[in-house]
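The residues making up each chain are set out below.
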Amino acid sequence: MEQDPNTVTNQETTEPVAQTVETVEPEETPKKKKKKHHFIRNFFYILSTIIVFLLLANTALAVVNFIQISNDKEPYLFTDVVSTEENGVTRNDYKQGFYHIVEEKEGTNLRYMLKPFFLK
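## Examining the confidence of the model for the protein
When pLDDT is low, close inspection of the predicted coordinates is not appropriate.
Move 1: On average, residues of the protein carry a pLDDT of 80, and 78% of them reach 70 or more.
Move 2: Least confident of the elements in the protein is strand 1 (residues 8-9), whose mean pLDDT is 54; most confident is helix 1 (residues 39-70), at 90.

## Section: the sheet that holds strand 6 (residues 109-116)
Move 1: In space, the four strands of this open sheet follow the order 3-4-5-6, with antiparallel pairing throughout. In this open sheet, the two strands that pair with only one neighbour each are strand 3 (80-86) and strand 6. For this sheet, the mean inter-axis angle between neighbouring strands, taken without regard to orientation, is 15°.
Move 2: Summarising the sheet, strand 3 and strand 4 (residues 89-96) pair through seven bridges and their orientation is antiparallel. Bridging from a neighbouring strand, Ser 83 pairs with Asn 92 of strand 4.
Move 3: Relative to the sheet, helix 1 contacts strand 4, strand 5 (99-106) and strand 6, its axis offset from that of strand 5 by approximately 15°.

## Observations concerning the side chain of Asn 58
Move 1: When you line up the elements, Asn 58 lands in helix 1.
Move 2: Here Asn 58 is in contact with Gln 96, Gly 97, Phe 98 and Tyr 99, once residues within four sequence places are set aside.

## Structural notes on the side chain of Asn 65
Move 1: Mapped onto the secondary structure, Asn 65 falls in helix 1.
Move 2: Classification of Asn 65 as buried rests on a relative accessible area of 1%.

## Looking at helix 1
Move 1: For helix 1, spanning 32 residues, the distance from its first C-alpha to its last is 47 Å, which sits close to the expected 46 Å at 1.5 Å a residue.
Move 2: All of the buried residues in helix 1 are Asn 58, Ala 62, Asn 65, Gln 68 and Ile 69.
Move 3: On the buried face of helix 1, the contacting elements are strand 4, strand 5 and strand 6.
Move 4: One or two positions beyond helix 1, positive phi appears at Asp 72, with a value near 60°.

The rules we used
- Residues numbered from 1 in each chain as written.
- Predicted model: local features only at pLDDT ≥ 70, side-chain atom pairs only at ≥ 80, totals over all residues.
- Heavy atoms only, no water.
- pLDDT = per-residue confidence, 0-100.
- Helix = DSSP H or I, 4+ residues; strand = E, 2+ residues; numbered from the N terminus.
- Pairing = 2+ DSSP bridges.
- Axes fitted to C-alpha atoms, helices over the stretch in contact; angles between N-to-C directions.
- Contact = heavy atoms within 4.5 Å.
- Buried < 20%, exposed > 50% of the residue type's maximum accessible area, 1.4 Å probe, protein only.
- Expected span 1.5 Å × (residues − 1).

Okay, structure coming up:
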């Protein structure tokens, strides 16, 4: 008769006898500290993300408008057009957000420039 290693039997009664099992509890792991989210840091993160997004969107719109003007079409969106003429040179300045598009006509020569708002 083979004995099951998991059960211990009493020779007289042949009923299994309960074994005591020692349980080993795992060591407590150190609890991670919750990160404190600072309101000011989050505010500046959101604000900087919005500014970068607006700058990229305005740049893309300026490039599209530059292509429209260079193809002799009306630009999609602009705030103001300033037309000047001096010494036989006609200059149209399309202002749009962070950029302005300058169209110079001198006789038969045409010249287009895309400039940031702080350059004249």
